Amino acid sequence: MESIWDTLRSISSVGMANAFRTIRYALQRDRSDRRHRRMKRPSHIIKPGKLNNYDPIESGARFNFADAKLEVKFLAPDLVRITWEPGPLPPPYALEKTDWVVVDIEARNRGTSYGVGTSQFEVLVSEDGDLKYLDPDGNLLREERPPSRRGDSWSIQVDMTPDEHIYGLGDRSAPLNLRNGSYRMWNSDPGGSFGPGDDPLYLNIPTYLSLHSRGCTLVFYENSFDGTIKIESQMEIAFSGGALRYYLMVGTPTQLLERYTELTGRPGLPPRWALGYHQSRWGYKSEQMVREVVAGFKDHALPLSVIHLDIDYMDGYRVFTVDSECFPDLTGLAQELETQGIKMVTILDPGVKHDAQFDVYSKGLAEDVFCKHPDGKTTYGLVWPGWCAFPDFTRAETRAWWGSYYRRLLDIGVAGFWHDMNEPAAFAAWGDCTLPLNTRHDLDGREGDHGQAHNLYGLLMNRSGYEALRKFHPDRRPWIVSRSGWAGVQRYAWHWTGDVESTWQSLRMTISMILNLGLSGIPFVGPDIGGFSGSPNAELYVRWFQLATFLPFFRTHSSVHTSRREPWTFGEPYLTILREFLTIRYKLLPYLYTLAWYANQYGQPLVRPLFWYDVKDRGLWGIDDAFLLGENLLVAPILEESASSRKLVLPRGNWYNFWDDTLLRGPGEVELDASLERIPLLVSAGCVLPMDKDDALELHIYPPVEDPGRSLLYSDEGDGYGDSRSDFFELTREGDKVDLQWVKEGQYPFPYSTIEIHMHGPQVTRVHVDEQEVPYKDNRICVHMFNQIRFQVRG
């Protein structure tokens with residue numbers, strides 16, 4: 001935990017006056033929180049008691065216990081909603097879909113319990129409130145003990161099998177399998193740096209996936225109050241307020257994420273530029289410095305898609321302003337970058353400086369948009385500009401008011417936005433660095449306090465920004481990356497893993513963090529390459545960069561207190577290595593863009609655990625040092641200093657080594673070379689891997705060994721909402737013949753003038769394109785449109 005003096009040092013860059021104000025703010029917050037807690041003193045523990053009666057309802061049943069009410073309602077054959085009351089029901093901010101068709105159910109009395117079920121599973125409710133979930137064969141999938149209530153809080157215990165693995169819960173600096181840990185459900189700023197084991201972090205999602213020998217389930221607790229999920233021999237879930245409402249679904253991981261994101265929403269398809277490389281640093285203090293950075297990328301032949309501006313560009317850290325001395329022509333800079341194919345992204349914090357001469361603040365007061373104390377006075381917290389008011393994003397009028405200011409930066413030429421400090425965070429010398437718990441929130445007419453609204457704050461700030469971008473630029477896709485949020489935030493924003501330490505341990509932890517976020521419904525994620533809060537040496541930076549090459553959000557960012565880390569600062573041979581991996585990233589854009597489309601359509605994460613396609617292989621359940629990028633790439637980063645090789649647990653199937661086309665057969669364990677210039681990268685047999693090469697499309701064929709393969713290439717304009725196309729490439733192999741069939745769908749014109757086709761693995765002896773023989777030279781053929789290609793191969 002960060003000490004008082006660590007906190008003071010972390011904000012000393014904005015003056016010692018602010019540092020000592022953190023003590024004042026902490027004292028004020030503690031005083032408010034003590035009063036708030038006295039009003040919520042816990043009473044004795046209350047169980048549901050005995051079941052009095054039950055009534056059938058549409059798609060479910062309602063149960064009346066002596067001291068609680070339970071509703072079991074199926075929203076789909078594989079999805080049930082459980083609600084224990086009393087307690088206020090949650091505002092539906094997390095939900096995208098609330099209107100579900102009626103589900104055919106079967107209800108029956110089972111003696112001492114009552115069953116409600118579908119063709120997919122059944123819920124058994126006992127006389128004392130115990131719930132059992134059974135598969136169609138009557139096997140037990142899950143058992144919940146009767147919940148208990150103490151004051152406003154609810155808690156419930158869930159039995160666990162010895163082999164059960166738990167994944168998800170949003171931002172967690174923990175292993176992939178969250179078993180044997182306790183996790184707080186409270187979005188928190190850890191204070192400028194975090195490492196393995198620190199909890200909680202910026203983005204908690206009360207959603208987890210459970211995998212055990214009996215089956216696979218996903219549970220989402222729709223409760224935004226402060227809570228804890230403790231996972232040991234039993235799982236204990238507790239929330240400090242609200243009704244105990246949760247959704248349980250059954251199926252494979254693919255089916256579970258598809259259903260969960262149907263419920264909470266799927267991400268928009270991002271603009272294609274967002275999948276390129278992003279360069280950022282707290283400390284790009286002027287237009288001249290930004291130009292020098294951009295020129296460095298050009299001089300060193302390094303591709304660049306996005307430049308991020310941290311709080312340095314603002315006038316005194318006031319939100320929606322520009323420092324006219326250091327950035328006298330931000331419009332001109334944005335236009336200059338645009339001509340080079342580089343987008344500009346600017347940071348926004350929710351705190352609005354307490355300054356009567358600042359129009360955002362004065363208009364906010366006039367329109368009554370800021371959070372308040374119970375006595376009606378504005379709540380102030382200490383952030384970068386000093387004392388700040390905080391918009392109440394739980395009010396529709398506030399979201400519209402805040403969103404109106406995005407036009408200022410859009411008109412300058414800003415292409416995307418970076419939402420920071422939106423847990424919300426406030427500087428305090430000790431304790432919880434956020435607003436007082438008694439701060440009032442509108443909750444769109446429901447009204448509540450910060451205990452309920454805190455976790456919703458970042459989600460609704462992102463919603464405000466997203467809706468503004470859709471309004472002001474309806475022909476462009478919004479792009480926002482956010483530090484905080486809640487369930488459903490994937491509809492509005494990407495996420496990065498925050499202020500991680502620059503250590504080898506944190507590099508390793510990055511994989512499990514990204515995987516667990518993906519299993520929480522957040523598919524577009526990445527770390528600060530090299531870590532935020534330290535100065536990595538060249539080897540650590542290169543290894544981190546190699547990992548990040550294969551993650552959705554590909555950005556270098558760091559603290560102002562660290563050494564510069566533009567790629568050329570490390571010198572050779574590191575610069576050449578970094579250039580090669582940048583090149584690979586840009587060549588893979590067609591594949592990454594197709595995966596982004598899959599996430600948009602089906603909610604599947606781009607980065608997937610090795611068990612994704614083979615949940616029966618228990619040896620894969622805990623693997624958190626490698627991952628799948630989509631269906632066809634297996635990435636095994638180097639996570640130890642001075643390593644020149646590593647072991648890898650292979651999933652079932654056949655895999656080609658990306659670097660030398662060696663064929664590996666899984667399941668099993670292999671040892672792979674990994675000089676500093678390489679990391680183990682495997683390609684699944686039976687796939688066609690699309691790659692960019694200037695105006696040409698490269699199709700890399702990795703022929704099937706056994707089963708046929710089918711690969712998709714999705715294309716459109718790269719932004720906007722116009723026509724699209726889907727190109728399916730089907731591979732079959734019979735003896736010495738490999739056939740490639742091309743099936744075309746969609747109205748968008750094929751965007752490539754030439755197609756280069758490369759065969760990997762066997763040696764090609766003859767090629768026929770639409771029954772016409774063509775020469776195969778330099779391990780490739782060049783064609784235009786075709787329907788079928790037959791390769792005759794040897795080996």
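Residue numbering note: each chain is counted from 1, following its sequence as written. Reporting in this predicted model follows two pLDDT cut-offs: at least 70 for local features of residues, and 80 or more for side-chain atom pairs to be given and counted; totals over whole chains, interfaces and linings ignore these cut-offs and use all residues. Calculation of side-chain values draws on the structure's entire complement of heavy atoms; hydrogens and water are dropped beforehand.

Chemist: I tried to follow empty space enclosed by the protein on my own but got confused; where do I start?
Modeler: Over the atoms, a rolled probe matching the size of one water molecule traces out where space is still vacant. Put plainly, a pocket is an open set of points on a 1 Å grid over the protein atoms alone with protein on both sides within 12 Å along at least five of seven lines, a cavity is a set where a 1.4 Å probe fits but cannot get out, and a lining residue has an atom within 4 Å of a point. Grid points are joined across faces, edges and corners, and a volume is the space filled by probe spheres set on the points. If you walk through the whole model with that rule in mind, you get two cavities of 30 Å³ or more. Its volume calculated, the largest cavity comes out at about 40 Å³. Lining the largest cavity are Pro88, Pro90, Pro91, Glu222, Asn223, Ser224, Phe225, Gly242, Ala243 and Gln452. Across the lining of the largest cavity, the residue classes tally to five nonpolar, four polar and one charged. For this classification, the nonpolar set comprises Ala, Val, Leu, Ile, Met, Phe, Trp, Tyr, Cys and Pro, the charged set comprises Asp, Glu, Lys and Arg, and every other residue, Gly included, is treated as polar.

Chemist: Hey, could you run me through the side chain of arginine 179 in this one?
Modeler: Here arginine 179 is to be found in the loop between strand E13 (165-170) and strand E14 (181-185). Definition of a polar contact: a pair of N or O atoms within 3.5 Å, with one able to donate and the other able to accept a hydrogen when the atoms are protein atoms, and with sequence-neighbouring residues admitted only if both atoms are side-chain atoms. Within the structure, the side chain of arginine 179 is placed 3.2 Å from the backbone oxygen of threonine 161, a separation counted as a polar contact. For arginine 179, the side chain forms a polar contact with the main-chain oxygen of glutamate 232, separated by 2.7 Å. Numbering of helices and strands runs from the N terminus; a helix is a DSSP stretch of H or I covering at least four residues, while a strand is a stretch of E covering at least two.

Chemist: Is there a simple way to explain the pattern of salt bridges in this structure?
Modeler: Between side chains of opposite charge, pairing is possible as soon as their charged atoms come close. The working definition used for a salt bridge is a side-chain nitrogen of Lys or Arg within 4 Å of a carboxyl oxygen of Asp or Glu. Taken as a whole and assessed by the stated rule, the structure comprises 47 salt bridges. Where glutamate 143 meets arginine 145, a salt bridge forms, and the shortest distance between an N and an O atom there is 3.1 Å. For arginine 145, a relative accessible area of 33% corresponds to the partly exposed category. Of the charged contacts, one joins glutamate 580 and arginine 678 as a salt bridge, the two residues approaching to 3.1 Å between their closest N and O atoms. Of the two residues, glutamate 580 is situated in helix H13 (residues 574-587) and arginine 678 in the loop between strand E37 (663-673) and strand E38 (681-684); the sequence distance between them amounts to 98 residues. For glutamate 580, a relative accessible area of 29% puts it in the partly exposed group. Only protein chains enter the accessibility calculation, which uses a 1.4 Å probe; a residue is then buried when its area is under 20% of its type maximum, exposed when over 50%, and partly exposed in between.

Chemist: Whenever I open this one, helix H4 (residues 287-299) confuses me. Can you help?
Modeler: Since the α-helix advances by 3.6 residues per turn, residues separated by three or four positions end up pointing in the same direction. An expected span of 1.5 Å times one less than the residue number is assigned to each helix. The terminal C-alpha atoms of H4, which comprises 13 residues, lie 18 Å apart, in line with the 18 Å expected from a rise of 1.5 Å per residue. When H4 is considered as a whole, its buried residues turn out to be Glu287, Val290, Val293, Val294, Gly296 and Phe297. In the core, the buried residues of H4 are packed alongside strand E20 (277-279), strand E21 (306-309) and helix H5 (330-339). Among the residues trailing H4, alanine 301 stands out with phi positive, at a value near 55°. What makes two residues a contact is simply this: any of their non-hydrogen atoms within 4.5 Å.

Chemist: Mind showing me how you'd approach the sheet that holds strand E41 (residues 709-716) here?
Modeler: Pairing between the strands of a sheet comes from backbone hydrogen bonds, and it takes one of two forms, parallel or antiparallel. Two strands are counted as paired when DSSP detects at least two bridges linking them. Judged by pairing direction, the sheet is antiparallel, and its six strands sit side by side in the order E41-E42-E43-E48-E45-E46 without closing on themselves. Pairing within the sheet leaves two strands with one partner each, and these edge strands are E41 and strand E46 (772-774). Ignoring strand direction, the axes of neighbouring strands in this sheet form an average angle of 25°. Two elements, strand E43 (residues 737-746) and strand E48 (residues 788-794), share five bridges in a ladder whose sense is antiparallel. Looking at the pairing, aspartate 739 lines up with arginine 790 of E48. In this description, a line fitted to the C-alpha atoms serves as the axis of each element, helices being fitted only across the stretch in contact, and the angle between N-to-C directions of two axes falls anywhere from 0 to 180 degrees.

Chemist: Explain a negative patch on the surface here, please?
Modeler: Patches in this entry comprise residues that are over 30% relatively accessible and not in a salt bridge; like charges within 9 Å are linked, as are nonpolar side chains (Val, Leu, Ile, Met, Phe, Trp, Tyr) within 5 Å. Only the protein chains shown count as cover for residues, and all accessible areas are computed by the Shrake-Rupley method using a 1.4 Å probe. Asp and Glu count as negative and Lys and Arg as positive, but His and the ends of the chain are not part of the count. In plain terms, the charge of a residue is placed at NZ if it is Lys, CZ if Arg, CG if Asp and CD if Glu. A cluster of acidic residues, Asp660, Glu669, Glu671 and Asp673, forms a negative patch at the surface. Relative to the assigned elements, glutamate 669 resides in strand E37.

Chemist: Got a minute to help me understand the sheet that holds strand E23 (residues 352-353) in this structure?
Modeler: Strand order across the open sheet formed by three strands is E23-E25-E24, with antiparallel pairing between neighbours. Each edge of the sheet is formed by a strand with only one pairing partner; in this case those strands are E23 and strand E24 (380-383).

Chemist: Looking at this structure, how should I read the pairing of strand E8 (residues 122-126)?
Modeler: Consecutive side chains of a regular strand alternate in pointing toward one face of the sheet and then the other. With five of five residues buried, E8 lies mostly within the body of the structure. The alternating pattern of E8 places Glu122, Leu124 and Ser126 and Val123 and Val125 on opposite faces, both of which are buried. In this sheet, E8 lies alongside strand E7 (residues 113-117) in antiparallel orientation, the contact comprising five bridges. Looking at E8, one finds that glycine 117 is bridged to glutamate 122. The turn joining E7 and E8, which pair antiparallel and follow one another in sequence, is formed by four residues. Looking at chain direction, E8 and strand E9 (residues 131-134) are connected through four bridges and run antiparallel. The residue bridging valine 125 from the neighbouring strand is leucine 131, located in E9. Hairpin connection between E8 and E9: a loop of four residues separates the two successive antiparallel strands, and glycine 129 in this loop has a positive phi of roughly 100°.

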